Amino acid sequence: MATSDKYLNYHGLLLPTLAHTEESLQYARTFQVQDGDVFAVTYPKSGTTWMQEILPLVLNGGDLAPVHSIPNWDRVPWLEETRAALILDSQPPPRAIVSHLPYWLMPQSFYQSKAKVIYVTRNPKDIAVSSFHFHKMASFLDDPGTFDEFLEKFLSGQVLFGKWTDHVKSWRNPDIEDRILYVTYEEMVQDLKGVLSQFARFLGRELTPEALEKVASHCQFSSMKNNAMSNYSLVPQEIMDSSKSPFLRKGIVGDWRNHFSPEQEARFSAIVREEMKGSSFQFSWDKE
Ligand code: PPS
């Protein structure tokens with residue numbers, strides 16, 4: 001596939017044509033958000049697939065049936081992707097939905113709704129590494145080039161869904177502060193049970209101690225890696241070649257240390273720091 005056919009430009013953001021069309025984006029824009037809807041919003045490679053595993057389980061009290069029988073993309077669809085219309089219109093509430101959209105491109109009905117949002121972010125250095133490997137295995141994306149070349153693209157926003165800093169800043173919005181929960185991938189790795197309890201409280205759900213144990217165990221990296229409904233092994237190898245890099249690749253914090261040179265790290269951090277100036281976000285990795 002030629003580069004020009006691989007992406008469409010949506011308000012300045014690159015989106016892969018494999019799963020996005022003018023119609024799917026129009027659907028997202030005019031989607032009727034219900035007050036009971038729950039969104040997990042992420043910049044790509046921040047923990048989306050993890051949230052597709054977690055959300056149904058927190059919402060249903062720990063019943064593993066959906067995560068063992070429905071592929072993640074239909075279980076908790078992306079609002080902006082082509083499958084959303086096939087799933088969401090007939091889904092009973094509460095609907096769990098993921099999205100990579102920045103705040104300002106959410107459905108018009110979202111802003112007046114009471115729908116809740118869990119915004120997951122991750123150290124952008126680890127996101128860049130994860131994305132670099134993803135570009136190697138996904139034939140519907142451009143070859144990433146060298147890591148150095150890919151970092152330049154990442155920093156300038158010439159990657160899926162634009163600049164990380166723009167995305168993160170867009171979601172720091174006082175208009176929805178009573179219905180958004182911010183969590184980091186790093187917190188999820190460090191204390192999954194604590195984060196799951198936080199999600200349950202935020203969503204007004206009860207997880208018994210037994211259910212909490214079960215959900216936390218099922219949502220561990222090693223368990224998800226073995227779940228065919230979540231590890232993308234159902235996708236043909238011509239589209240995602242896991243022999244080049246598995247989708248559920250390492251699932252760790254700090255893999256950037258194995259990829260960045262000191263010069264790359266200094267340049268990356270300086271640019272991100274400058275662009276995040278004035279934002280009220282404080283991240284644990286800023287102190288590194
Ligand atoms: S995408 O393409 O935007 O949907 O990707 P996304 O799911 O957001 O991010 C993929 C990375 O998340 C890791 N992942 C996990 N880490 C720890 N524990 C669990 N359970 C888990 N599930 C997914 C996945 O391995 C990718 O990160 P890397 O660093 O590449 O391993």
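Quick look at the structure, then. (Residues numbered from 1 in each chain as written. Predicted model: local features only at pLDDT ≥ 70, side-chain atom pairs only at ≥ 80, totals over all residues. Heavy atoms only, no water.)

A closer look at the overall build of the chain
What counts, and what does not: Strands are runs of DSSP state E lasting at least 2 residues, helices are runs of H or I lasting at least 4, and numbering of each runs from the N terminus. Throughout, radius of gyration means the C-alpha value; the globule benchmark is 2.2 Å times the number of residues raised to the power 0.38. Burial here depends on accessible area, computed with a 1.4 Å probe over protein chains only, as a share of the maximum for the residue type. Under 20% is buried, over 50% is exposed, and the range in between is partly exposed. A contact between two residues is defined here by any heavy atoms of the two lying within 4.5 Å.
Looking only at helices and strands, the chain has 14 helices and 6 strands in total. For the chain, the C-alpha radius of gyration of 18 Å lies close to 19 Å, the compact-globule estimate for 288 residues. Across its three principal directions, the C-alpha atoms of the chain cover 50 × 40 × 40 Å. By residue count, 57% of the 288 residues in the chain fall in the buried class. In the chain, of all internal contacts separated by at least 6 residues, the share reaching a separation of at least 24 is 71%.

Describing the pairing of strand E5 (residues 116–121)
To keep it simple, the criterion reads: At least two DSSP bridges between two strands are required for those strands to pair.
Most of E5 sits out of view: 5 of its 6 residues are buried. Sheet topology places strand E3 (residues 38–42) next to E5; 5 bridges connect them, and they run parallel. By the bridge assignment for E5, Phe 39 is matched with Val 117. Relative to strand E6 (residues 180–184), E5 runs parallel, the two sharing 5 bridges. The residue bridging Val 117 from the neighbouring strand is Ile 180, located in E6.

With respect to the site of the ligand
Filter applied, for reference: Whether a residue is near a molecule or strand depends on its heavy atoms: if one lies within 4 Å, it is near. As used in this structure description, the phrase polar contact means that two N or O atoms lie within 3.5 Å; if the pair is within protein, one of them must be able to donate a hydrogen and the other to accept it, and residues adjacent in sequence are counted only when both atoms belong to side chains. In these tables, accessible area is a Shrake-Rupley quantity obtained with a 1.4 Å probe, and a residue counts as shielded only by the protein chains included in the view.
Within the structure, the ligand sits among 21 residues, and Thr 48, Thr 49, Ser 130, Tyr 185 and Lys 250 are positioned closest to it. Separating an oxygen atom of the ligand from a side-chain N or O atom of Lys 45 is a distance of 2.9 Å. Between an oxygen atom of the ligand and a main-chain N or O atom of Ser 46, the distance comes to 3.2 Å. Alone, the ligand offers 650 Å² of accessible surface; in the complex the protein occludes 97% of this. Mapped onto the shell around the ligand, the elements with two or more residues apiece are helix H3 (48–60) and helix H13 (221–225).

A word on the sheet that holds E5
To keep it simple, the criterion reads: Note on geometry: axes are C-alpha line fits, over the in-contact stretch for helices, and angles between N-to-C directions span 0 to 180 degrees.
With parallel pairing, 4 strands are arranged side by side in an open sheet as E4-E3-E5-E6. Of all strands in the sheet, those with a lone pairing partner are strand E4 (96–99) and E6, marking the two edges. Strand-to-strand twist of the sheet, defined as the mean angle between neighbouring strand axes without regard to direction, takes the value 20°. Of the strands in this sheet, E3, E4 and E5 touch H3, which is tilted by about 160° from E3. Where helix H11 (residues 192–202) meets the sheet, it contacts E5 and E6, and its direction lies at approximately 175° from that of E6.

A look at the nonpolar core
Definition in use: By convention a nonpolar core is built from buried Ala, Val, Leu, Ile, Met, Phe, Trp, Tyr and Cys residues, the set being connected through side-chain atoms within 4.5 Å.
Counting 95 residues, the largest nonpolar core has Phe 39, Ile 54, Ile 118, Trp 164, Trp 171 and Phe 199 as the members making the most contacts within it. Leaving out residues up to four positions away in the same chain, Ile 118 has contacts with Phe 39, Ala 40, Val 41, Met 51, Leu 55, Leu 181, Val 183, Phe 199, Phe 202 and Leu 203.

As for the pattern of salt bridges
Definition in use: A carboxyl oxygen of Asp or Glu within 4 Å of a side-chain nitrogen of Lys or Arg is what we treat as a salt bridge.
The full count for this structure, using the stated rule, is 11 salt bridges. Linking Lys 125 and Glu 265 is a salt bridge whose minimum nitrogen-to-oxygen distance equals 2.6 Å. In this pair, Lys 125 sits in helix H7 (residues 124–137) while Glu 265 sits in helix H14 (residues 262–276), placing the two residues 140 residues apart along the sequence. Of the residues examined, Lys 125 reaches a relative accessible area of 7% and is grouped as buried. The closest approach of N and O atoms between Arg 267 and Glu 152, which form a salt bridge, is 2.6 Å. With Arg 267 in helix H14 and Glu 152 in helix H8 (residues 147–156), this residue pair connects regions lying 115 residues apart in the sequence. A relative accessible area of 32% means that Glu 152 is categorised as partly exposed.

Some remarks on H7
Each turn of an α-helix holds 3.6 residues, which means side chains three or four residues apart point in the same direction. To keep it simple, the criterion reads: The length a helix should cover is 1.5 Å for every residue beyond the first.
In this model H7 runs 20 Å from its N-terminal to its C-terminal C-alpha over 14 residues, within 8% of the 20 Å that 1.5 Å per residue would give. Regarding H7, its N-cap is Asn 123, as a side-chain oxygen of that residue lies 2.9 Å from the backbone nitrogen of Lys 125 further along.

Here's the deal with the packing of aromatic side chains
How we decide: We call Phe, Tyr and Trp rings a pair once their centres come within 6.5 Å, taking the six-membered ring for Trp, and we label the pair stacked below 30 degrees between planes, edge-to-face above 60, and tilted otherwise.
For the structure on display, the rule yields 22 aromatic pairs. Ring centres 5.3 Å apart and planes at 75° place the aromatic pair Phe 147 and Phe 260 in the edge-to-face group. Linking Phe 147 in helix H8 with Phe 260 in the loop between H13 and H14, this pair joins segments that are 113 residues apart in sequence. Accessibility assignment for this pair places Phe 147 and Phe 260 in one class, buried. Pairing Phe 154 with Phe 268 gives two aromatic rings, centres 5.8 Å apart and planes at 20°, and the pair type is stacked.

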